[in-house]
Amino acid sequence: MTESRNGNVPQGGHEYEMWDAAYVLDALSDTDRREFEMHMAGCSSCREAVAEFEAIAPMLSLLDDEPATVPPCPDLLPSLLAKADQRLAANRVELQPALLTSTAVAAETVFPVFRTGNYAPVHDELTTFDLPVEGEIPAELNGWYLRNGPNSRAGDGHWCVGDGMVHGIRLENGRAAWYRNRWVRTESFENPVPLYKDDGSRNLHSSIANTHVVRHAGKTLALMEFSLPYEISNDLKTLGAYDFGGMLTDSMTAHPKICPNTGELHFFGAGNIFEPHVSYHRADADGRLTINRPIDVPALTLMHDFALTAEHVVFLDLPLLFDLQVALTGSFERDLPYRWDDQHPARLGVLRRDDPYGQLRWFDIDPCFVFHVVNAHDVTSPDGNAIVLEVLRYDEMWRDNSEFGTDAALWRWTINLDTGLVEESQLDDRGVEFPRIDDRLAGTSARYSVAVGSGALIRYDLQRDTAVEHRFDAAGRAGAPGEAVFAPAVGRPDELAGWYLTYVYNSVTDSSDLVVIDASDFEGEPVARIRMPRRVPHGFHGNWIPD
């Protein structure tokens, strides 16, 4: 331990700054342990740091067991690290072991794509009225387009753990009436609180609420999948944590599904250190929680999404596991604490919607990982009963480190409910992410899905297995689109009667537009470009909320 206190002291700290975790983990020699205890007698900051680590003793004790799993966090990160950006700003790192000699990391050497250009945060909130428009906004687009994403207040730490910021545009009568961006002011926004209590249970009010924003039963909810939802108003004011009238004592996935036939909200919660690691929940069309049941999974895998059909719910248990040892010995900025596990089988769990407390059937598939499900639907034919899922599939994820070295591609899984086998086929080889369909067709045989590619949106015809592109980087132009949300024309069920809305970033001008594309002319020029008062950073997911 002497090497860690010979000149390599973090700026603004002292020579025992990094000893607290090693002390709690019993990683100090007897001599160093006695020395540190003598030091703590006169150092309140070290005593407080040790107390913080001892508070998560239930988690640390997992190191003595089989490879441990602890909850992952929004779109790639563990909730354990959700406030790492703020701690880094104070030149301290939670769960950082004493063997590391400095927390200072040059931004340009660590995930630079997450630190520069449009991954950099904006630093304040803005309200602007009557935005300029190139082209014409369809007059029947009356509502709000809201999109969530991470926006670090400190400006450092990993992009994914920034506090949630919702960017919203109000469209009415052919005008872009206003634009607002607001942080989701959760209960831990100003005064961060531990996600885990002394007994290992979760504080579900601790949240960065940065992954999605959905509307159900008259409530607009900002989501981060390992905490409670936070309700916001359509003008982006945070109203508070939402627990379904005290009925939800679990977290809520960032990818809930709304059944277009019943209006029910289906979701799962994950992140418990103790069993059950995952639970399934359902709320009726009026927002009353009606179903809560555990899902039997052997470890806390990174379960980010699931699938819904008219008759079934499908869960993805895949071999990407949280690695507590990596979390405790690595740098939050350099490495995400997930590792591929060849011993963990990849499988799909099928539950009948009409028997929500019944048997969960598991179907083996080839090892892979999926962040996002495109859609799923039931099939009944003379050949048998089946469930068809389209997913964006990675062959493998983070075997040796958490670098993004591979892309996801569109695949189809056909689960034969009679034979117990799954047919797996690749539909396209383009690297894509963030798929969306017409949400009115969720769980049915939707024809079209739009995903984000490199400089383009790709629309897949899922019935003909073909694809077309809308390019933003053609003819020398610069354009990087985000997730494209479908806004249907009022009263028209046709998937081509409506518009796609997406924020597009121009790296040359360092600016953003909200682009409106006619679904019936996908490859044509946008019908409108709404000029943002400043750039809108890359984010995750959002929705169109019509009047």
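Below you will find a few notes about this structure. What you are looking at is a predicted structure, and each value in this text was computed from that prediction instead of being measured.

### Brief notes about the overall build of the chain
Part 1 of the reasoning: Looking only at helices and strands, the chain features six helices and 33 strands.
Part 2 of the reasoning: Counting across all 547 residues of the chain, residues that qualify as buried make up 59%.
Part 3 of the reasoning: Intrachain contacts of the chain at a sequence separation of at least 6 include 60% that bridge at least 24 residues.
Part 4 of the reasoning: Accessible surface for the chain amounts to roughly 21,800 Å². Of this, 47% is attributable to carbon and sulfur atoms.

### Structural notes on the layout of surface pockets
Part 1 of the reasoning: Taken as a whole, the second largest pocket holds about 880 Å³ of empty space.
Part 2 of the reasoning: What lines the second largest pocket is a set of 41 residues, among which I258, R436, D439, R440 and N543 lie closest to the centre.
Part 3 of the reasoning: For the lining of the second largest pocket, the elements supplying multiple residues, two or more each, are β6 (212-216), β10 (257-258), β14 (307-308), β20 (369-381), β24 (433-436), β29 (485-488) and β33 (542-546).
Part 4 of the reasoning: Top contributing element to the lining of the second largest pocket by residue count: β20, with five residues.
Part 5 of the reasoning: Counted by class, the lining of the second largest pocket contains 23 nonpolar, 10 polar and eight charged residues.

### Some details on the packing of aromatic side chains
Part 1 of the reasoning: Going through the model one piece at a time under the given rule, you end up with 12 aromatic pairs.
Part 2 of the reasoning: Centroid distance W183 to F189: 6.2 Å. Interplanar angle 50 degrees. Geometry classified as tilted. Exposure class is identical for W183 and F189. Each is buried.
Part 3 of the reasoning: Summarising the aromatic geometry, the rings of F244 and F267 are spaced 5.7 Å apart at their centres and angled 15 degrees between planes, so their arrangement reads as stacked.

### Overview of the sheet that holds strand β21 (residues 384-394)
Part 1 of the reasoning: One open sheet holds the four strands; their spatial order is β20-β21-β22-β23, and the pairing between them is antiparallel. At either margin of the open sheet sits one strand with a lone partner, and together these are β20 and β23 (422-426). Adjacent strand axes in the sheet meet at a mean angle of 20 degrees when their direction is disregarded.
Part 2 of the reasoning: In this structure, strand β22 (residues 409-416) lies alongside β23, joined through five bridges in antiparallel fashion. Within the sheet, the bridge partner assigned to W413 lies in β23 and is E424.

### With respect to the side chain of D438
Part 1 of the reasoning: Inspection of the secondary structure puts D438 in the loop between β24 and β25 (448-453).
Part 2 of the reasoning: With a relative accessible area of 4%, D438 lands in the buried category.
Part 3 of the reasoning: Engagement of the side chain of D438 in a polar contact is seen with the side chain of R440, the distance being 2.7 Å.
Part 4 of the reasoning: Those residues in contact with D438, other than ones at most four positions away along the chain, are F486, P493 and E495.

### Some remarks on the sheet that holds strand β3 (residues 143-150)
Part 1 of the reasoning: In spatial order, the strands read β1-β5-β4-β3-β33; together these five strands make up an open sheet with antiparallel pairing. Whereas interior strands pair on both sides, the edge strands pair on one side only; in this sheet they are β1 (126-129) and β33. Strand-to-strand twist in this sheet, taken as the mean axis angle between neighbours without regard to direction, amounts to 10 degrees.

### Remarks on the nonpolar core
Part 1 of the reasoning: With 47 residues, the main nonpolar core has F369, L389, W413 and I415 as its most contacted residues.
Part 2 of the reasoning: The element contributing the most residues to this core is β20, with six residues.
Part 3 of the reasoning: The contact partners of I415, leaving out residues within four places of it in the chain, are V314, L348, V350, F363, N385, A386, I387, L389, L421 and V422.
Part 4 of the reasoning: Counting residues in each nonpolar core, the second largest holds 22 residues, with L131, L171, A176 and M532 among its members.

### Observations concerning the pattern of salt bridges
Part 1 of the reasoning: In the structure shown here, the tally under the stated rule is 33 salt bridges.
Part 2 of the reasoning: A salt bridge links R447 to D461, with the nearest nitrogen and oxygen atoms 2.8 Å apart. Here D461 lies in strand β26 (residues 456-461) and R447 lies in the loop between β24 and β25, a separation of 14 residues in the sequence.
Part 3 of the reasoning: By relative accessible area, D461 is classed as buried at 8%.
Part 4 of the reasoning: A salt bridge links E525 to R477, with the shortest nitrogen-to-oxygen separation between them at 3.9 Å. Of this pair, E525 sits in the loop between β31 (511-518) and β32 (528-531) while R477 sits in the loop between β27 (466-471) and β28 (480-481), and the two are 48 residues apart along the sequence.
Part 5 of the reasoning: For R477, a relative accessible area of 36% corresponds to the partly exposed category.
Part 6 of the reasoning: Several salt bridges share partner residues, and in doing so they unite D130, R170, E172, R175 and D547 into one network.

### Regarding the pairing of strand β7 (residues 219-223)
Two faces belong to every sheet, and in a regular strand the side chains alternate between them.
Part 1 of the reasoning: Burial within β7 is extensive, with four of its five residues counted as buried.
Part 2 of the reasoning: For β6 and β7, the ladder comprises five bridges, and the chain directions are antiparallel. Following the sheet pairing, H216 is matched in β7 by K219.
Part 3 of the reasoning: Connecting the antiparallel pair β6 and β7 is a turn made up of two residues, with A217 showing a positive phi of about 50 degrees.
Part 4 of the reasoning: Across three bridges, the pairing between β7 and strand β8 (residues 230-232) is antiparallel. Paired with T220 across the bridge in β8 is I232.

### As for the environment of V161
Part 1 of the reasoning: Relative to the helices and strands, V161 is located in the loop between β3 and β4 (164-172).
Part 2 of the reasoning: The class for V161 is buried, based on a relative accessible area of 2%.
Part 3 of the reasoning: Sequence separation between V161 and G149 is 12 residues; the distance between their C-alpha atoms is 9.6 Å.

### Topic: the environment of W499
Part 1 of the reasoning: Take W499: it is sitting in strand β30 (residues 498-506).
Part 2 of the reasoning: You can call W499 buried: its relative accessible area is 10%.

### Thoughts on the environment of E134
Part 1 of the reasoning: Mapped onto the fold, E134 is located in strand β2 (residues 133-135).
Part 2 of the reasoning: A relative accessible area of 43% means that E134 is categorised as partly exposed.
Part 3 of the reasoning: Here the alpha-carbon distance between E134 and V515, two residues 381 residues apart in the chain, equals 9.6 Å.
Part 4 of the reasoning: Excluding its chain neighbours within four sequence positions, the residues that come into contact with E134 are V527, A528, R529 and R531.

### Details of unusual backbone geometry
Part 1 of the reasoning: Residue P276 follows E275 across a cis peptide bond; omega there is 0 degrees.
Part 2 of the reasoning: With respect to the helices and strands, P276 occurs in the loop between β11 (265-270) and β12 (278-283).
Part 3 of the reasoning: Positive phi values are uncommon outside glycine, yet D130 reaches one of about 50 degrees.
Part 4 of the reasoning: The residue A217 is not glycine, and still its phi comes out positive at about 50 degrees.
Part 5 of the reasoning: The class for A217 is partly exposed, based on a relative accessible area of 37%.

So, how was this worked out
- Residues numbered from 1 in each chain as written.
- Predicted model: local features only at pLDDT ≥ 70, side-chain atom pairs only at ≥ 80, totals over all residues.
- Heavy atoms only, no water.
- Helix = DSSP H or I, 4+ residues; strand = E, 2+ residues; numbered from the N terminus.
- Buried < 20%, exposed > 50% of the residue type's maximum accessible area, 1.4 Å probe, protein only.
- Contact = heavy atoms within 4.5 Å.
- Areas by Shrake-Rupley, 256 points an atom, 1.4 Å probe, with all protein chains shown as cover.
- 1 Å grid on protein atoms, 1.4 Å probe; cavity = no way out; pocket = protein on both sides within 12 Å on 5 of 7 lines; lining within 4 Å.
- Points joined across faces, edges and corners; volume = space filled by probe spheres on them.
- Nonpolar A, V, L, I, M, F, W, Y, C, P; charged D, E, K, R; others polar.
- Phe/Tyr/Trp six-rings, centres within 6.5 Å; stacked < 30°, edge-to-face > 60°.
- Pairing = 2+ DSSP bridges.
- Axes fitted to C-alpha atoms, helices over the stretch in contact; angles between N-to-C directions.
- Polar contact = N/O pair within 3.5 Å; in protein donor to acceptor, adjacent residues only side chain to side chain.
- Core = buried A, V, L, I, M, F, W, Y, C linked by side-chain atoms within 4.5 Å.
- Salt bridge = Lys/Arg side-chain N within 4 Å of Asp/Glu carboxyl O.

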